[in-house]
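Close look at the chain arrangement
Listed below are the residues making up each chain.
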Amino acid sequence: MRTTRPGRARWRRAAALVAATALTALACAAATPAASAAPQEDWLHVEGNQIVDEAGNRVWLTGANWFGFNATERVFHGLWSANIAEVTRSMADRGINIVRVPISTQLLLEWKNGQATAPNVNTYVNPELAGLNSLQVWDHWLGLCERYGLKVLLDVHSAEADNSGHVHPVWYKGAITTELFHQAWEWVTARYRDNDTIVAMDVKNEPHGTPNQPPRAKWDGSTDVDNWKHVCETAGRRILAINPKVLILCEGVEVYPRAGETWQSPDTDPDLSPNYHHTWWGGNLRGVAEHPVNLGAHQDQLVYSPHDYGPLVFNQPWFDKPFTKESLIADVWRPNWLYLHEQGTAPLLIGEWGGRLGQDERQDRWMAALRDLIVEEGLHQTFWVLNPNSGDTGGLLLDDWKTWDETKYALLKPALWQHAGKFVGLDHQVRLGGGGGTTGISLGERYTDGAPADTTAPTAPSAVTVGATTSSSVALSWGASTDDVGVVGYDVYRGGAKVGTASGTGYTDTGLTPNTRYSYALRAKDAAGNLSPATAAVTATTQPGTGGGGSGCTATYRTATSWQGGFQAEVAVTNTGTASTRGWSVELSVAGGRTITSLWNGTLTGGTVTNAAHNGSLAPSASATFGFVANGQATGGVTAVSCTAT
């Protein structure tokens, strides 16, 4: 834990009204009796997978995006019909405690070079903006954020000031080089280094691209011009050399090579011979496991920031199969980014998620599942988006830029930080919503109102019992844990990997392989994220599979390539029955001295491979394949023993 240190005076705009309001807030905060001294600055840093303030109190960044400064307009969208203060105040009143603001490298360089131009805003609705250029509008808005207790996450969304600039896959384009990209970040960091309203920098939005469509962003240990990991690390170090107290957010990329492949491998048809793991732009953080971002002495400022969307944005393969929150965790979220949180590597802030509701049941199910994961795990998030003019997602605001979409807001609201019926801000002195606000409290109030940081873990669950089993499920029950504040849920682990969360004292694990033994343990957690010790493991064996419906399958093993000390192989699973399968499993025989080091298009548990979410359903005579890499010699190493269809 860092000790509270006397901070520099918080940055203030020259405007008398803003200054007077802020000074009044500081005076009132100083006069309020407190259980312990709150930090006078609002800078944040990282402890494990948590973000904390300068006194070590955990915080939860729960916000939204507002775009426009990144586009050709060079100013927030909506100011053609809405007042900038009213929109800002409404976000704070509704519990948004941080705003992610997309901006372009081009605009930062224009500001740096004294080339700010006057944006086109409705000065009848926004008389306070009359005569201001885009940089002055930005500074005015920062003053509003300070007045209403909001914090800002600055995001370089694109190289050029362009409404479609985010489509370009990398951070350099034309005259905007990587070095100018770094210089733009250094300039804006230096300008606002004493302003603890801007608490985080999202270095670049959605680096992406595939090997078949260069340029593309990759993630490895090189210093190549297209290595996003190296660029984010370099930008982070250069930013932190100027302001060592700002959070650095590194997003992921789009693809990552599968085991045995390299960045030179072709990006072949994923249904035939996949060489890469594909996911959303900016959402692939698999590379962190081998190549983590290294910020040196300021590693405690690093946050990883994936993006995730539903089928109305793009119909990813996992949406074409039946899916649940648990299957999304296992198939998509955990392998791409959730593992970083679960392993305590670093905090996660989901920088973009959201979309339209009521148009596709799958979209609604996905959004509720991700919302629940955010709440259960305490993940940080900024919802996409405030703007109603976001074509593929819609916004929290309706077309008049004043009325909130209450259905969408109701879905988001549980993922906004609340305490004792009030929204919690990230400013220690100013309440979320400002001095006259009634819906929010300040961070200082949250931790000095008799509710200090909760650091006590719950007791472990007791009497874990295996209940009914089927060929594909195991039911568990247990005795409730106790906690000094309150238990909010239980994490369920199968074979050491987290597979689900329960709010009560029972859980049914599904999608299992027939006639297979599984091991389970549980940990309780409280609202502050404290985890209990794990229970002793209990075991359960699923019932034998009966096939049913004319189902059956064969597994055909073949070796693809081998090398000294290892080999790669694949297994083709074919439905030999007369009805479609719901899933399949293949028993492998692994010879002594051989170990399967990685496997794709399936899940390996012990010696059993079960289908992935996207390839379990096979029509009669249809086939699916899974592949793996193993050590040792290929001859006699691994064979497919049997196949079971369900």
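Residues numbered from 1 in each chain as written. Predicted model: local features only at pLDDT ≥ 70, side-chain atom pairs only at ≥ 80, totals over all residues. Heavy atoms only, no water.

As a further point, take the overall build of the protein. Across its full length, the protein carries ten helices and 31 strands. A compact globule built from 646 residues should have a C-alpha radius of gyration of about 26 Å, and the protein, at 26 Å, falls within 12% of that. Seen through its C-alpha atoms, the protein measures out along the principal axes to roughly 80 × 60 × 45 Å. For the protein, with 646 residues in total, the buried portion stands at 56%. If you take every contact in the protein between residues at least 6 apart in sequence, the share linking residues at least 24 apart comes to 72%. In the structure as shown, the protein presents an accessible area of about 24400 Å², 52% of it carried by carbon and sulfur atoms. Taken together, the 47 basic and 61 acidic charged side chains of the protein have centroids lying 2 Å from each other. (Helix = DSSP H or I, 4+ residues; strand = E, 2+ residues; numbered from the N terminus. Rg over C-alpha atoms; globule rule 2.2 N^0.38 Å. Buried < 20%, exposed > 50% of the residue type's maximum accessible area, 1.4 Å probe, protein only. Contact = heavy atoms within 4.5 Å. Areas by Shrake-Rupley, 256 points an atom, 1.4 Å probe, with all protein chains shown as cover. Lys, Arg positive; Asp, Glu negative; His and termini not counted. Charge placed at Lys NZ, Arg CZ, Asp CG, Glu CD.)

Right, let's get into the sheet that holds strand β14 (residues 418-419). An order of β14-β15-β16 is seen for the three strands of this open sheet, with the pairing classed as mixed. The open sheet has two free edges, formed respectively by β14 and β16 (440-441), since each of these has just one partner strand. Of the strand pairs in this sheet, β14 and strand β15 (residues 422-424) are connected by two bridges, and their pairing is antiparallel. Paired with His 419 across the bridge in β15 is Lys 422. (Pairing = 2+ DSSP bridges.)

A separate point is the state of the cysteines. Summed over the entire model, instances satisfying the criterion amount to two disulfides. Paired by a disulfide, Cys 553 and Cys 643 hold their sulfur atoms 1.9 Å apart. Judged by the sign of its S-S torsion, about -110°, the cystine formed by Cys 553 and Cys 643 is left-handed. Here Cys 553, found in strand β24 (residues 553-563), pairs with Cys 643, found in strand β31 (residues 638-645); they are 90 residues apart in sequence, far enough to count as distant. Each of the two residues, Cys 553 as well as Cys 643, counts as buried. What connects to what in the protein, once the bonded cysteines are numbered by sequence position, is 1-2, 3-4. (Disulfide = S-S within 2.5 Å.)

Spatial ordering of the open sheet is given by β20-β19-β22-β23, a layout of four strands whose pairing is antiparallel. Bordering the open sheet on either side are β20 (497-502) and β23 (538-541), each of which pairs with just one other strand. Averaged over all pairs of adjacent strands, the angle between their axes in this sheet comes to 35°, without regard to strand direction. Relative to β20, strand β19 (residues 487-494) runs antiparallel, the two sharing five bridges. Residue pairing in the sheet places Asp 491 in a bridge with Thr 501 of β20. Along the sheet, helix α8 (residues 361-377) makes contact with β19, β20 and β22 (517-526), crossing β20 at roughly 95°. (Axes fitted to C-alpha atoms, helices over the stretch in contact; angles between N-to-C directions.)

Judged by nonpolar contacts, the single largest core of 128 residues is most densely connected at Trp 66, Trp 138, Trp 141, Tyr 304 and Trp 333. In terms of residue count, helix α7 (residues 325-342) provides more of this core than any other element does, eight residues in total. Look past the residues within four positions of Trp 141 in its chain and what remains in contact with it is Trp 66, Phe 76, Ile 84, Thr 88, Val 99, Val 101 and Val 152. The next biggest cluster of nonpolar side chains, apart from the first, holds 20 residues, and it includes Val 573, Val 586, Leu 599 and Val 638. (Core = buried A, V, L, I, M, F, W, Y, C linked by side-chain atoms within 4.5 Å.)

To continue, consider helix α6 (residues 228-240). Structural remark: α-helix, 3.6 residues per turn; residues separated by three or four positions point the same way. For α6, spanning 13 residues, the distance from its first C-alpha to its last is 18 Å, which sits close to the expected 18 Å at 1.5 Å a residue. Within the sequence span of α6, burial applies to Trp 228, Lys 229, Val 231, Cys 232, Glu 233, Ala 235, Gly 236, Ile 239 and Leu 240. Tucked inside the fold, the buried residues of α6 contact α5 (178-191), β7 (198-202) and β8 (247-250). Its side-chain oxygen at 3.3 Å from the backbone nitrogen of Lys 229, Asn 227 defines the N-terminal cap of α6. (Expected span 1.5 Å × (residues − 1). Polar contact = N/O pair within 3.5 Å; in protein donor to acceptor, adjacent residues only side chain to side chain.)

Moving on, we get to α5. A rise of 1.5 Å per residue sets the reference length of α5, with its 14 residues, at 20 Å; its end C-alpha atoms lie 20 Å apart and thus fit the reference within 8%. Among the residues of α5, Thr 178, Phe 181, His 182, Ala 184, Trp 185, Trp 187, Val 188 and Thr 189 are the ones counted as buried. Lining the buried residues of α5 we find α3 (105-112), α4 (134-147), β6 (151-158), β7 and α6.

Pairing of strand β17 (residues 462-469) with strand β18 (residues 474-479) involves four bridges; the strand directions are antiparallel. Paired with Val 466 across the strands is Leu 476, a residue of β18. Hairpin connection, β17 to β18: the antiparallel pair is bridged by four residues.

The N-to-C vectors of α7 and α8 enclose an angle of 45°; their axes lie 12 Å apart at closest approach. As far as their axial angle goes, α8 and α7 are oblique. Between α7 and α8 the crossing geometry is right-handed. Counting all contacts with α7, which are made through Lys 325, Leu 328, Ile 329, Trp 333, Trp 337, Leu 338 and His 341, the residues of α8 involved are Trp 366, Ala 369, Leu 370, Asp 372, Leu 373, Glu 376 and Glu 377. (Parallel < 35°, antiparallel > 145°, perpendicular 65-115°, else oblique. Left-handed = near helix turned anticlockwise from the far one by under 90°.)

With that settled, the discussion passes to the packing of α5 against α6. A pair of packed helices is characterised by two quantities: the angle between their axes and the separation of those axes. It is at 9 Å that the axes of α5 and α6 come closest, and there the two elements cross at 30°. Relative to α6, the element α5 is oriented roughly parallel. The element α5 and its partner α6 pack so that their crossing is right-handed. When α5 is examined against α6, the residues Thr 178, Glu 179, Phe 181, His 182, Gln 183, Trp 185, Glu 186 and Thr 189 are found in contact with a partner set consisting of Val 231, Thr 234, Ala 235, Arg 238 and Ile 239. Its residues placed into classes, the contact of α5 with α6 shows five nonpolar, five polar and three charged. (Nonpolar A, V, L, I, M, F, W, Y, C, P; charged D, E, K, R; others polar.)

Our next topic: the packing of aromatic side chains. The full count for this structure, using the stated rule, is 24 aromatic pairs. Considering the side-chain rings of Trp 66 and Phe 76, the 3.8 Å spacing of their centres and the 10° angle between planes classify their relative orientation as stacked. Pair noted here: Trp 66 is in the loop between β4 (62-65) and α2 (84-93) and Phe 76 is in the loop between β4 and α2, with a separation of ten residues, a long-range link. Residue classification places Trp 66 among the buried positions, given a relative accessible area of 0%. Residues Trp 80 and Trp 401 carry aromatic rings whose centres are separated by 5.9 Å and whose planes lie at 90° to one another, so their mutual orientation is edge-to-face. Note that Trp 80 is positioned in the loop between β4 and α2 and Trp 401 in the loop between β13 (380-383) and α9 (406-412), a separation of 321 residues in sequence. (Phe/Tyr/Trp six-rings, centres within 6.5 Å; stacked < 30°, edge-to-face > 60°.)

The next subject is the environment of Gly 566. By the element assignment, Gly 566 lies in strand β25 (residues 566-575). On the basis of relative accessible area, Gly 566 is assigned to the buried category, the value being 2%. Dropping the residues within four chain positions of it, Gly 566 is found in contact with Ala 630, Asn 631 and Gly 632.

Here we take up the pairing of β4. Across three bridges, the pairing between β4 and β13 is parallel. Within β13, the position partnered with Gly 63 by the bridge is Thr 382. Sheet analysis places β4 next to strand β5 (residues 98-104), joined by two bridges and oriented parallel. If you follow Asn 65 over to β5, its bridge partner there is Arg 100.

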